[in-house]
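Structural overview
The chain contents come next:
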Amino acid sequence: MKYCHTCQRDTIHNEIIKQKPSKFGKSKKEQFKAFLSGFFGGVASPLGASLDLVERYVVCSECGTKRLENHGDEFQ
């Protein structure tokens, strides 16, 4: 249960994890750069590498309002 500012009451919220958009382009060269960046980032920090690539949203089950909530150390 969380407070929804749209409904103006406590409602049930669901959590959604989405992948952040890539900062690299769609060409094969840019995709290769993205792969190398992810590979070497994962080697340096195996636990924190994938968390840099996701965003956490909470969605109100009543009205469907989606709010970005990247709180905590794992999302910074």
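Here is what the cut-offs are and how they apply
Residues numbered from 1 in each chain as written. Predicted model: local features only at pLDDT ≥ 70, side-chain atom pairs only at ≥ 80, totals over all residues. Heavy atoms only, no water. Helix = DSSP H or I, 4+ residues; strand = E, 2+ residues; numbered from the N terminus. Buried < 20%, exposed > 50% of the residue type's maximum accessible area, 1.4 Å probe, protein only. Areas by Shrake-Rupley, 256 points an atom, 1.4 Å probe, with all protein chains shown as cover. Pairing = 2+ DSSP bridges. Axes fitted to C-alpha atoms, helices over the stretch in contact; angles between N-to-C directions.

1. Focus on the overall build of the protein
Regarding its fold elements, the protein presents one helix and five strands. Reading the protein from its N end, one meets helices and strands in the order β-β-β-α-β-β. Within the protein, the fraction of its 76 residues that count as buried is 16%. Carbon together with sulfur atoms contributes 56% to the accessible area of the protein, which is approximately 6,000 Å² in total.

2. Regarding the sheet that holds strand 5 (residues 66–68)
What the three strands build is an open sheet, ordered 3-4-5; its pairing is antiparallel. At either margin of the open sheet sits one strand with a lone partner, and together these are strand 3 (13–19) and strand 5. When the angles between neighbouring strand axes are averaged without regard to direction, this sheet yields 30 degrees. Relative to strand 5, strand 4 (residues 54–60) is paired through three bridges, and the arrangement is antiparallel. Within strand 5, the residue paired with Y57 across the bridge is L68.

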